[in-house]
Amino acid sequence: MHTQESYAAAGRAEMAIVGGLAGVSIWALIEKAHEVVSHPLAYLALTGFVSGFFAVLLGLSGPHRIGRAALPALGLSAVAAALLTWCGLRFDTLEAFAAAQHPIVAWALFLMIGTPFVGATLRDHHSLRDYGHLFDVSWGILVRYSAAWLFVALIWAVVFLSDALLQIVGLTLIADLLDVEVAAFVVSGVGLGLGLSVVHELRDYISPFLIMRLLRLLVPVIFGVVLIFVGAAILQAPGEMFGNLSQATTLLGVAVGMITLISVALDRSDLDAVQNVWMRAATAALALLLPVLIGLAAFALWVRVGQYGWTPARLATACMVLVVGTHAVCYAASVLLRGDWMGRIRQANIKIAVGMLILLALWQTPVLQAERISTQSQTARIISGAVAPEDAALWEMQTDWGHAGRAGLVALSADFATDIPAWQEAIAAVQHPEEHPDIARQLNGRARLEPAEKLAQLMTVLPAGEGIDAQAFRNIPLYRLQDWVDICERAQDPGCVLVFGDFVPSQKERMGFVFLPLNTRQVDVFSVREFGEVLSIGAKTTGSDGDQVTVAQLRHILAGDYEVAPSSHRSLWIGAMELVPDL
């Protein structure tokens, strides 16, 4: 017994150390790596590899020792990082890459689907064809991670409650510790590693078995809801119901839920599958209804593409229709062929998962380059006369679709738009918005303007008499605008602050800092510089000694307790802290 306890303690310590290293690594990637690795693609490759490696390693560890799990984790994360970096070649900056979102989603899904396969090889290579083993590995990883993250949440609840308790008697030990930037990442990482280890130790009590038994109860419920939906859909004109992408996405989401429930009901083998005749019948009926939902989703997508052409979001939806549709056809055909229909569905799941890995890999290569395909589609619509300048996706091509989108605009400007003033003007406006602000504002539409207007309202501008309007934020990526609006809406006191100052007296453009309170203690600071009427956002800034601005210091700024004073150049001083614009 003593030996077993020692072995368990050693395993927990090992996983806690790996989790702590993961936390430190993620912190270093976020806060420090960009200072050492200046090339965007190199930084992207490093980030994709390190974060992917620890995610896979922690997922495989528990059933396998760290040393044994490290090699497949290295292999899978290296392939995923290479694909991610290849995809990054489409964009000029990391911000544009992050704003696209779909490359990061593809990378994460590649790791998620690939992890059970590399985990299965730790037993033997024949396990790749053993559905029961793959099923156990997949659900085991899901349950371990879910329970471990719940444990991390409980750790933080204890930390915050303990801090509140100690502050009642004037002690700030925990708060001071959390002021160390890396501390939060280490605590989360150690908690995650420890939680994964303990969940594996208690695998007889915390297993997928309970979750799957609960999910099986939903099979007849979902069958009834979908049956009513299909009946109602038959009575209505398809064009009236299924004409936009959001409805297609909803249908696909329901279909993915149906696939999950069918797989859970069939379990790892016939012996483990649902035995009740009515439950088996409901599962088979659910499989037969799948093609109906996918057909409606495909129709909604087809209508949308016919109206507005391809975009990266519609291409991603099309790939999802392909994957879920393949499931639907295989499931329905297996049921209709009768006999060992459950076994056929299980084998189909393995083949489709491999196909998904190939599709996700192709998505990150030039073979399925969403931006290029979308640009070709939108360019063809423009040339055919199907769209007017104010309705064309010109702004998206310039700002969101990377090299391919801008190359499409250049080609349009050089060929199609040569003798058409309206198109020449529109293309010039999106390429040089500072020269054509009114037209650019119209083409940019409300997507950026609405959050920009809200951000301008939420921002306190200093010194008194200075101001800012929504148009100043029009070149900030949409994802960042929305993120800043969320932060500023939550930060009621002291709120978000924009400070301008005479940092470079020889230049007329305003320069300064944006202060964004993240919580009750920490504040993110970004350098800003005004070019014409537009703000350009620089790097995240800390004090000259590396300290982060606090909410208390931000309150000092609002009270006027700051100065713009000389250093090696002029800086913003908050007491003894110096902030230098990075633009």
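Our subject in this report is the structure included herewith. (Residues numbered from 1 in each chain as written. Predicted model: local features only at pLDDT ≥ 70, side-chain atom pairs only at ≥ 80, totals over all residues. Heavy atoms only, no water.)

Let's talk about the side chain of threonine 365
Here is the rule we go by: Helix and strand labels come from DSSP, where a helix needs a run of H or I of at least four residues and a strand needs a run of E of at least two; each type is numbered from the N terminus. Throughout, a residue-residue contact means that at least one pair of heavy atoms, one from each residue, lies within 4.5 Å.
Mapped onto the fold, threonine 365 is located in the loop between helix 16 (341–363) and helix 17 (370–384). Here threonine 365 is in contact with Leu83, Trp86 and Arg90, once residues within four sequence places are set aside.

A few points about the state of the cysteines
Threshold: By disulfide we mean two sulfur atoms from cysteines, separated by a distance within 2.5 Å. Relative accessible area decides the class of each residue, using a 1.4 Å probe on protein chains only: under 20% of the type maximum gives buried, over 50% gives exposed, and in between gives partly exposed.
One pass over the structure, following the stated rule, counts one disulfide. Cysteine 488 shares a disulfide with cysteine 496; S-S distance 2.1 Å. Between cysteine 488 and cysteine 496 the disulfide shows an S-S torsion of about -105°. By sign, it is left-handed. Here cysteine 488 falls in the buried class, since its relative accessible area comes to 5%. Taking the relative accessible area as the measure of exposure, cysteine 496 reaches 0% and is therefore buried.

Side note on the pattern of salt bridges
Note the cut-off: Just to be clear on terms, a salt bridge is a Lys or Arg side-chain nitrogen sitting within 4 Å of an Asp or Glu carboxyl oxygen.
Applying the stated criterion across every chain, the model contains eleven salt bridges. Residues aspartate 92 and arginine 406 are paired through a salt bridge, measuring 2.1 Å at the closest nitrogen-oxygen approach. One end of the pair, aspartate 92, is in the loop between helix 4 (66–88) and helix 5 (94–100); the other, arginine 406, is in helix 19 (residues 402–414), and 314 residues separate them in sequence. Aspartate 92 gets classed as partly exposed once you look at its relative accessible area, which sits at 45%. Among the residues examined, arginine 406 registers a relative accessible area of 22% and is labelled partly exposed. The salt bridge partner of arginine 510 is glutamate 530, with a shortest N-O separation of 2.9 Å. Of this pair, arginine 510 sits in the loop between strand 2 (496–501) and strand 3 (511–517) while glutamate 530 sits in strand 4 (residues 523–531); the two residues are 20 residues apart in sequence, bridging distant segments of the chain. For the pair arginine 510 and glutamate 530, one class covers both residues: buried. One salt-bridge network, in which partners are shared between bridges, spans Arg213, Arg216 and Asp267.

Side note on the sheet that holds strand 3
Test applied: When DSSP finds two or more bridges between a pair of strands, those strands are recorded as paired. Only the contacting stretch of a helix is used when fitting its axis, a line to C-alpha atoms as for every element, and angles between N-to-C directions run 0 to 180 degrees.
The mixed open sheet is built from five strands, whose spatial order is 1-2-3-4-5. Pairing within the sheet leaves two strands with one partner each, and these edge strands are strand 1 (459–462) and strand 5 (534–540). Looking at each pair of strands side by side, their axes are set apart by 25° on average, direction ignored. Pairing geometry for strand 2 and strand 3, over five bridges, is antiparallel. Along strand 3, the bridge assignment pairs valine 499 with phenylalanine 513. Relative to the sheet, helix 23 (residues 551–558) contacts strand 1, strand 2, strand 3 and strand 4, its axis offset from that of strand 2 by approximately 55°.

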